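Coordinate inspection notes
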Amino acid sequence: MTRRYSIVRLLRESVRGNRGWEPAWRDAEPRRSYDVVVVGGGGHGLATAYYLAKVHGVRNVAVLEKGWIGSGNVGRNTTIIRSNYLLPGNVPFYEWSMKLWEGLEQDLNYNAMVSQRGVLNLLHSDAQRDAAVRRGNAMRLAGIDSELLDVAAVRRLLPMADFDNARFPIRGGLLQPRGGTVRHDAVAWGYARGADQLGVDIVQNCEVVGFRQEGGAITGVETTRGFIGTRRVGLACAGNSSRVVAMAGLRLPIESHVLQAFVSEGLKPLIPCVVTFGAGHFYVSQSDKGGLVFGGDIDGYNSYAQRGNLPTVEDVCEGGIALLPSLGRVRMLRSWGGIMDMSMDGSPIIDRTAVTGLYLNAGWCYGGFKATPASGWCFAHLLATDSSHEVSAAYRLDRFAAGRVIDEKGQGAHPNRH
Ligand SMILES: Cc1cc2nc3c(=O)[nH]c(=O)nc-3n(C[C@H](O)[C@H](O)[C@H](O)COP(=O)(O)OP(=O)(O)OC[C@H]3O[C@@H](n4cnc5c(N)ncnc54)[C@H](O)[C@@H]3O)c2cc1C
C-alpha cells in the first residue's frame with residue numbers, strides 16, 4: 001500500500017535522501033479468476049478499474065496490459081482536453097469528463113498537471129464564424145464556458161500568428177477557457193496508483209490472446225500468462241479493438257490508423273493556450289519545458305504500427321508554418337505515432353456486445369484522452385450495473401444500424417476525415 005503524497009512527505013524525503021518512496025503500484029501476478037477483467041492498461045482501462053473499485057465497490061478486478069502501463073495512446077497523445085462540442089450525444093459526456101478532470105488531482109492524490117489554459121479554435125471565414133457561434137451557443141445553453149473572440153482579442157493572445165495571410169486570414173476565434181492540457185502519462189500513473197490502492201491487480205506484460213465462451217457467454221480470457229476465469233470482460237484496447245474483438249468472433253465499425261505527434265526544441269513562452277488552425281488541420285500548445293507540442297491529420301492508410309510516415313510530417317508542418325511563419329526555423333526534436341480506433345462517425349462506443357459478459361469501450365479516434373475520466377466512469381457503470389450511464393447512453397453500437405450516428409464533424413462514414 002502506497003502512502004499519501006503531501007508537502008510534509010516531500011519535505012521529509014528531501015532531507016532523507018529520497019529513500020522512503022515506494023513504487024506507485026504493485027506489479028501484480030495474475031490470479032486464477034476475477035469478478036471483472038479489464039483488457040488494456042491505457043487511460044480508459046485504468047480509469048474503469050479505478051471507478052469500478054471506488055464508485056461501485058467492485059474490487060476483485062484485474063487490468064491486463066500486453067505491454068507496460070502508458071505504452072499506448074495514453075502516453076502518446078498531445079494532451080489536449082476540452083468539452084467544446086455541439087451535438088446532444090456528445091455535450092453532456094465531454095462536460096462530465098471536464099468536471100472530473102477539474103477534481104482529478106485531489107481525488108487521486110496525484111499531480112497530473114491539469115492546466116486549464118484555454119483552447120482556442122481559429123476562424124478563417126464567415127461560414128466558420130457562423131458555425132462557431134452555433135457551437136458556442138450550444139455550449140452556453142448546456143452551461144459550458146465559451147467565448148467568441150474578435151480579431152483584436154485573438155491578436156492579444158497570439159500576436160505572432162499570420163493574421164493577414166491571403167488564403168487563410170484569421171477572422172476571430174472560439175475560446176473555451178476551461179479547456180487546456182494534462183500531462184498524459186501522469187494520468188495513467190495516477191489512475192494505476194489509485195486503482196492499486198483500492199485492491200485492483202494491474203498485470204503488465206500480459207496479452208489477451210483469446211476468449212473462452214460457453215453458450216454465448218464469457219467464462220474467461222486466454223493470456224500469454226495463462227487462463228484467467230471471469231464472467232465479465234471490459235475491452236479498452238483503443239487502436240487494437242478490432243483485432244481483440246475478432247478473437248471473440250465479432251466485427252466492429254472501426255478502422256485503425258496512425259496519428260503522429262511532434263515536439264520542438266524548447267522556446268521561451270509564446271503560445272499561452274491550445275491553438276487549433278481552422279484552415280488546415282494543425283493544433284499546438286507549449287509544454288511547461290518550452291517545447292511546442294503539435295499534431296495534425298492521421299496518416300491516410302490503415303495500420304497497426306506505432307510510427308507514421310514522412311508525407312504526413314510535411315503536411316502537419318505546412319499547416320503550422322501557414323499559421324505561425326515565424327517558427328519556420330525552429331527545430332523539431334521528436335515525433336512518434338499511436339494507433340487510432342477510428343469509428344465511422346467519429347464518436348465512441350461504450351456498450352455491451354453480442355457475447356454475454358463482453359463489454360466494449362472503443363472508437364475514440366484521436367479525441368479519447370480528454371474523455372479518459374468520463375469514459376472510465378461510464379464503462380465502470382456499465383460493467384457494474386449492466387446498464388448505460390445517462391451521459392454515455394448515445395454511444396451504443398446499434399446506432400450504426402439504426403442511423404442515429406453522432407457525426408460531430410458532418411463528414412459521413414469516412415474515418416480518415418474524422
Ligand atoms: C499522437 C496522438 C495524439 C493524440 N492527441 C489527443 C489529444 O490531444 N486529446 C485527446 O483527447 N486525445 C488525443 N489522442 C487520442 C487518445 O490518446 C486516445 O483516444 C486514448 O488515449 C485511447 O484510450 P487509452 O488511453 O485507453 O488507449 P491506450 O493507452 O492505447 O490503451 C490501450 C491499451 O490496450 C493494450 N492492449 C491492446 N491489445 C491488448 C491485448 N490483446 N491484451 C492486453 N492489452 C492490450 C495496449 O497495449 C494499450 O496499452 C491522441 C492520440 C495520439 C496517438
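No experiment lies behind these values; they were computed from the predicted model shown. (Residues numbered from 1 in each chain as written. Predicted model: local features only at pLDDT ≥ 70, side-chain atom pairs only at ≥ 80, totals over all residues. Heavy atoms only, no water.)

Overview of the overall build of the protein chain
- Along its length, the protein chain carries 10 helices and 19 strands.
- Over its C-alpha trace the protein chain gives a radius of gyration of 21 Å, about what one expects of a compact globule, namely 22 Å for 418 residues.
- Dimensions of the protein chain along its principal axes, counting C-alpha atoms only, are 65 × 65 × 40 Å.
- Relative to its full complement of 418 residues, the protein chain shows a buried share of 55%. (Helix = DSSP H or I, 4+ residues; strand = E, 2+ residues; numbered from the N terminus. Rg over C-alpha atoms; globule rule 2.2 N^0.38 Å. Buried < 20%, exposed > 50% of the residue type's maximum accessible area, 1.4 Å probe, protein only.)

Observations concerning a nonpolar patch on the surface
- A cluster of nonpolar side chains, Ile7, Val8, Leu10, Leu11 and Trp21, forms an exposed patch at the surface whose accessible area comes to about 510 Å².
- One can find Val8 in helix H1 (residues 7-15). (Patch = residues over 30% accessible without salt bridge, like charges linked within 9 Å, V, L, I, M, F, W, Y side chains within 5 Å. Areas by Shrake-Rupley, 256 points an atom, 1.4 Å probe, with all protein chains shown as cover. Salt bridge = Lys/Arg side-chain N within 4 Å of Asp/Glu carboxyl O.)

A word on the domain arrangement of the protein chain
- Annotation of the protein chain at the domain level lists domain 1 (26-84 + 86-109 + 184-254 + 345-417) and domain 2 (119-178 + 255-343).
- Computed from C-alpha atoms alone, the centre-to-centre distance between domain 1 and domain 2 is 27 Å.
- At the junction of the two partners, domain 1 supplies 37 residues and domain 2 supplies 33 residues.
- Across the interface of domain 1 and domain 2, roughly 3,000 Å² is buried in total on both sides, 58% from carbon and sulfur atoms.
- Contact with domain 2 buries surface across domain 1, with Arg76, Asn84 and Tyr366 losing the most and accounting together for 22% of the total.
- Linking domain 1 with domain 2 are 2 salt bridges.
- The residue Glu95 makes a salt bridge to Arg178 at a minimum N-O spacing of 2.8 Å.
- At the surface where domain 1 touches domain 2, the tally comes to 18 residue pairs in polar contact (both at pLDDT 80 or more).
- Counting residues per element, the side of domain 1 that touches domain 2 draws most heavily on helix H3 (residues 91-108), which supplies 5 residues.
- Residues of the side of domain 1 that touches domain 2, tallied by class, amount to 14 nonpolar, 14 polar and 9 charged. (Domains from an automatic or database assignment. Contact = heavy atoms within 4.5 Å. Buried area = accessible area lost by both parts, 1.4 Å probe. Polar contact = N/O pair within 3.5 Å; in protein donor to acceptor, adjacent residues only side chain to side chain. Nonpolar A, V, L, I, M, F, W, Y, C, P; charged D, E, K, R; others polar.)

A closer look at the nonpolar core
- Ranked by internal contacts, the top residues of the largest apolar core, which has 55 residues, are Phe93 and Tyr191.
- When contributions to this core are tallied by element, the ones reaching two or more residues are strand E1 (36-39), helix H2 (43-56), strand E2 (61-64), H3, helix H6 (184-197) and helix H9 (372-385).
- Ranked by residues supplied to this core, first place goes to H3 with 8 residues.
- Beyond its immediate sequence surroundings of up to four residues, Tyr191 is in contact with Leu46, Ala47, Tyr50, Tyr51, Leu104, Leu108, Thr372 and Pro373. (Core = buried A, V, L, I, M, F, W, Y, C linked by side-chain atoms within 4.5 Å.)

Structural notes on the packing of H2 against H9
- Direction vectors running N to C along H2 and H9 enclose 55°, while the axes themselves pass 7 Å from each other. By the angle class used here, H2 and H9 are oblique. Both H2 and H9 take part in a crossing whose hand is right-handed. Only Thr372, Pro373, Ser375, Gly376, Trp377, Phe379, Ala380, His381, Leu383, Ala384 and Thr385 of H9 make contact with H2, whose side of the interface consists of Gly43, His44, Ala47, Thr48, Tyr51, Leu52, Val55 and His56. (Axes fitted to C-alpha atoms, helices over the stretch in contact; angles between N-to-C directions. Parallel < 35°, antiparallel > 145°, perpendicular 65-115°, else oblique. Left-handed = near helix turned anticlockwise from the far one by under 90°.)

Concerning the sheet that holds strand E10 (residues 217-223)
- One open sheet accounts for 3 strands, arranged E9-E10-E11; its pairing is antiparallel. Bordering the open sheet on either side are strand E9 (208-214) and strand E11 (226-229), each of which pairs with just one other strand. Across the sheet, the mean angle from the axis of one strand to that of its neighbour is 30°, orientation sign disregarded.
- Here E10 pairs with E11 via 4 bridges, running antiparallel. Bridge pairing in E11 places Val221 opposite Ile228. (Pairing = 2+ DSSP bridges.)

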